[in-house]
Amino acid sequence: MMRRSACASKKTGQPNSTNPISCSPSDLFRTASSKASSKEMERIDNLFYSFANRSSGMIDPEGIESLCSDMEVDHTDVRILMLAWKMKAEKQGYFNLEEWRRGLKALRVDTVSKLRKALPELEKEVRRPSNFVDFYSYSFCYCLTEEKQKSIDIESICQLLDLVLGSQFRAQVDYFIEYLKIQSDYKVINLDQWMGFFRFCNEISFPDLSNYDPDLAWPLVLDNFVEWMQAKQS
Amino acid sequence: MGCENIEFDQGWGEMEKGIEKLKRILAGEKETPFTSREYMTLYTTIYNMCNQKAPHDYSEQLYDKYKKTLDEYITSIVLPSLKDKHDEFMLRELVERWLNHKIMVKWLTRFFHYLDRYFIIQKSVPALNEVGTTCFLNLVYEDVHPTIQDIVLSLIDKEREGDQIDRALLKNALEIFVEMGLGQMNRYQDDFEARFLQETTNYYSRKASKWIEEDSCPDYLLKSEECLKKEVDRVSSYLHSSSETKLIKKVQHELLVVYVNQLLEKEDSGIKVLFRDDKVDDLSRTYRVYNKISQGLDLVANVFKQHVTIEGTAFVQQAEEATSNQASNTPGGHEQVLVKNILELHDNYMTYLNSCFQNHNLFQKALKEAFEVFCNKTVNGSPSAEILASFADHILRKGGSEKLSDEVIEETLEKVVKLLQYVIDKDVFAEFYRKKLARRLLFDRGTNDDHERSILSKLKQQFGAPLTSKMEGMVTDVVLAKEHQSSFQEYLRNNPDVHPGLDFTVTVLTTGFWPSYKWFDLSLPSEMVKCVKVFKGFYETKTKHRKLTWIFSLGTSHINGKFEPKPIELIVSTHQAAVLLLFNASERLSYSEIVAQLNLAHDDLIRLLHTLSCAKYKILNKEPSSKSISQSDSFKFNPNFTDKMRRIKVPLPPVDERKKVIEDVDKDRPYAIDAAIVRIMKSRKVITHQQLISETIEQLSRMFKPNIKAIKKRIEDLITRDYIERDRDNSHMFRYLA
């Protein structure tokens, strides 16, 4: 039954892609632009070390807070989550060098102010329908902090929903959060239920719920939510 | 015939002679029939006139003349003859005139035949025959057909009301309608059949509304059968065969479909009365008659289903009321009667199914659905699964109170298994059955092994091994225990020094087969401690790897009570024995002293002491002698206790296991659902949500009916535990994760 979850394998530190800076035959063919890119990489690395924790060699929550205050963005802002996504960061609250490099290189920034200016563009990119599903599922996995953790507690889910979907589906999120808080059938939510809610927001007419069919494959928690809403509305 | 051209007038003059002769023949005047020579002359005249070179090729003119001849004849002779006729006479006249016309056309066609061979093809004009019919159609039929229709319809109506009519005349008349269609049925259908069907509908609608009020159900059915026979006969006598299907359908609809519920539900003569009075013929007629109507049997099966449901539900109601009217100290008496009634009901209606309804699957289904309605009702808090299990238990206890013969027992058990198919919560039945089986095997002496195994194998056959595997294990345990007992006796004989000095038997039960029992850490009397030790020693010589847990609550002890009036043998549970034996050492014991010595929980001890001091047999005297036990009471051996019997059984109060059984079953169901889902996913690998749900329900149907929410909950859980996943692209598909 062991299986790699939809979230990329974590905590083992296996890199998903090779480090672009490692020595390779291409080194022999360095051009001026790659000289410039190695300069950029230097700046990126230096920026990393300016926020990183000396002993662990990673940017920890303190470092992130510090980064956020420099960018004048609240550390609970969704854009930070988006940044983590861009970096494909594995551990919530931490960035390692590889992730940092990946993110900043992709954004083509090497200073804090450039990073701050890149945020609106990043948000636009994330909110594109082709990317958003990936971001949405990433945000769930990002919050799985314990080894072998599969589900997230209700309180955290509510916060996450608000953060990730609140701007797009305000009404659905508000009602669903209300429901989650008063029901007692579920203490945690799993990834399938999390993704199900996103499908729900996209497919089901709200608040009339007229095209919802509980005999279909919707997760049970949503069946119960719809029942609760219908009872409320009558 | 020379090579000279025949002039038209001349040639036509020859033809006219022949035509006049024909007219005379048709008018019935004295005339000799046409000779061969005469015919040849006429034919050849035409032939020649058509084969002459232009402008003497007279084909077209001859064709026109042919038509004109007919038109003239009709106008001058036929039409006047019809003018002043009415009713049947008109019909007769028309038929005759049409027959005559056909003869005329036949002969003229023979004379003019050459035209048919070449001219009509060349010019693509209608053949002579067709022209003949068309003349009649245009000049006569178009004019008279409404009147003819009226006449025909009124004659049919007369016949329906019982009068005799000239069927041959009608047949001929209606044939005209058919022939006027020139190969199509449209004239017959439009000018006659449509209204005929309408009037038939009206006629039978009127009759039905009258008969339904006046006649009993059997009589009405008889009448309907008769009417249908007559209408079929009508078709074969004078209607066109194509009318039969439409006609019968209309009649069936008016007589049998419109009023079906009113008919079959008639208070004094409907289906329920037919069943009550065992009117097999009438019931068979009902089946026969409705079988011929498309979806007719659905209607009857529906009434049948409702009837059976009402009967069954009435029995349930009866049982419910009887029990609530009476104090509930005769456990299950009314429920026994209920099951008997339902079994009888089943037998009766199965018989009717075979004898009257040809075992048709619609009726089988109706019976099943009816039974499913009332076989799942709760009677006075007791679910039907429990009632059925109690019934079986009652039969298996030494043949029940009526001491039934082996055959009857087998038969009844067979029927019980049949009835179980209608009970939805079969797993509840199984659990109750198991609990009762345990009591029978452990406490009921003389249980019949054969019957026990027989019903288990019947259950297994019908519902599968999961239902019965544990129970089979239980029966085997008891058989093995007997074998063990003889080896134990041998062991004791071979080791006389370890003999505990008491007769005792041990039944070893395999955990998992038997219901779970509460375990008490009871402090045994010393005599019993010895017994336990000895058996343990023996058991270890047989197997080293099993752990024995002693369930004294299931044990029985025989104690000799040395009472003053007379000694009495007391048959008590081991727990009760433990209490009593304390009084061998002390004359008087307080409640707390007893608690301390025995190490039992208060609830259990209070119950035990009650049976020994406050219930039917006061073996112990209680101070104070109130009706209930309190923790401040004290107890003394009652030396004056006596009973007319020399040996008495001191029963324990019955424990209501219902709540626990239902709880246990409810707890197990999610696991069963999980197992079913995993089995299905393992074999299908990929499946849609709908299919998964329906197959899960199907797989579990032999045990219980899971609701969709429960299944969905388990799916959610299995997703979390990584057994299955939802397909990335198709949110309604699931995939098995190996």
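Along each chain, the written sequence defines residue order, and numbers are assigned to residues from 1. Chains carry letters and ligands carry numbers; both start at the beginning, A for chains and 1 for ligands, and go up in the order they are written. Given that the model is predicted, a residue must reach a pLDDT of at least 70 before its local features are reported, and side-chain atom pairs must reach 80 or more before they are shown or counted; all residues, however, enter totals for whole chains, interfaces and linings. In computing side-chain values, all of the structure's heavy atoms are included and hydrogens and water are not.

Where an unreviewed UniProt entry is consulted, chain B appears under the name Cullin family profile domain-containing protein, with the organism given as Gossypium barbadense. UniProt positions are given in the numbering used here, feature names are shortened, and annotations may be inferred rather than shown by experiment. Its UniProt record gives chain B a comment under Sequence similarities (unreviewed entry), which states: "Belongs to the cullin family."

In the annotation of an unreviewed UniProt entry, the entry for chain A reads Defective in cullin neddylation protein, and the organism field reads Gossypium darwinii. If you open the UniProt record of chain A and go to Function (unreviewed entry), you find "Neddylation of cullins play an essential role in the regulation of SCF-type complexes activity."

Student: Give a detailed account of the overall build of chain B, specifying residues and quantitative values.
Tutor: Helix and strand labels come from DSSP, where a helix needs a run of H or I of at least four residues and a strand needs a run of E of at least two; each type is numbered from the N terminus. Of the regular secondary structure elements, chain B holds 28 helices and 9 strands. Within these notes, the globule rule equals 2.2 Å times the number of residues to the 0.38 power, and the radius of gyration is based on C-alpha atoms. Taken over the C-alpha trace, chain B has a radius of gyration of 47 Å; the compact-globule value for 738 residues is 27 Å, which it surpasses by more than 25%. Dimensions of chain B along its principal axes, counting C-alpha atoms only, are 155 × 65 × 45 Å. Burial classes follow relative accessibility: with a 1.4 Å probe on protein chains only, a residue under 20% of its type's maximum area counts as buried, one over 50% as exposed, and anything between as partly exposed. Looking at chain B residue by residue over its 738 residues, the buried ones come to 46%. In this analysis, two residues are considered to be in contact whenever any of their non-hydrogen atoms come within 4.5 Å of each other. Taking the intrachain contacts of chain B between residues at least 6 apart in sequence as the baseline, contacts between residues at least 24 apart amount to 71%.

Student: Hey, could you go over the packing of aromatic side chains for me, with residue numbers and the actual values?
Tutor: All names here are of chain B. A pair of aromatic rings is counted whenever rings of Phe, Tyr or Trp (Trp by its six-membered ring) have centres within 6.5 Å, and the orientation is called stacked for planes under 30 degrees apart, edge-to-face for over 60 and tilted otherwise. Counted according to the given criterion, the structure contains 66 aromatic pairs over all chains. Consider the rings of Y141 and F177, whose centres lie 5.7 Å apart with planes at 85 degrees: the pair is edge-to-face. Placement of Y141 in helix 6 (residues 128–160) and of F177 in helix 7 (residues 167–179) is noted, with a sequence separation of 36 residues between them. One exposure class covers both Y141 and F177, and it is buried. With centroids separated by 5.4 Å and ring planes inclined at 65 degrees, the aromatic side chains of F304 and F357 adopt a geometry described as edge-to-face. Placement of the pair is F304 in helix 14 (residues 296–325) and F357 in the loop between helix 15 (333–355) and helix 16 (361–374), with a sequence separation of 53 residues. F357 matches F304 in its accessibility class, with the two residues each being buried.

Student: Requested: an account of the packing of helix 5 (residues 112–127) of chain A against helix 6 (residues 129–142) of chain A, with residues and values cited.
Tutor: All names here are of chain A. Their axes nearest at 5 Å, the elements helix 5 and helix 6 cross at an angle of 90 degrees. Here helix 5 lies roughly perpendicular to helix 6, going by the angle between them. The segment helix 5 lies against helix 6, with E125, V126 and R127 engaging P129, N131, F132 and F135. Under this scheme, a helix contributes an axis fitted over its contacting stretch, all axes are lines through C-alpha atoms, and angles between N-to-C directions fall in the 0 to 180 degree range. Geometric relationships in this document are graded by angle, where less than 35 degrees denotes roughly parallel, more than 145 denotes roughly antiparallel, 65 to 115 denotes roughly perpendicular, and other angles denote oblique.

Student: I'd like to hear about the pattern of salt bridges, residue by residue, with values.
Tutor: Note on definitions: salt bridges are taken to be side-chain nitrogens of Lys or Arg within 4 Å of carboxyl oxygens of Asp or Glu. In total, this model carries 72 salt bridges over all chains according to the counting rule given. A salt bridge links R170 of chain A to D174 of chain A, with the nearest nitrogen and oxygen atoms 3.0 Å apart. A residue pair is termed a helical-turn pair when its members lie 3 or 4 positions apart in one helix, as R170 of chain A and D174 of chain A do in helix 8 (residues 170–182) at 4 residues. The salt bridge partner of E38 of chain B is K21 of chain B, with a shortest N-O separation of 3.1 Å. Taken together, the residues span a long stretch of sequence, with E38 of chain B in helix 2 (residues 36–51) and K21 of chain B in helix 1 (residues 8–26) at a distance of 17 residues.

Student: I'd like to hear about the interface of chain A and chain B, residue by residue, with values.
Tutor: The interface is formed by 22 residues belonging to chain A together with 19 residues belonging to chain B. Of the roughly 1,900 Å² buried where chain A meets chain B, counting both sides, 46% is carbon and sulfur surface. Counting the contacts that link chain A with chain B gives 4 salt bridges. A salt bridge links D192 of chain A to R726 of chain B, with the shortest nitrogen-to-oxygen separation between them at 2.6 Å. Elements supplying a minimum of two residues to the side of chain A that touches chain B: helix 9 (191–203) and helix 10 (220–233) of chain A. In terms of residue count, the dominant contributor to the side of chain A that touches chain B is helix 10 of chain A (5 residues). Tallied by class, residues from the side of chain A that touches chain B come to 10 nonpolar, 4 polar and 8 charged. Here the quantity called buried area is the total loss of accessible area, with a 1.4 Å probe, experienced by two parts when brought into contact, counted for both. Each residue gets one label: Ala, Val, Leu, Ile, Met, Phe, Trp, Tyr, Cys and Pro are nonpolar, Asp, Glu, Lys and Arg are charged, and the others, such as Gly, are polar.

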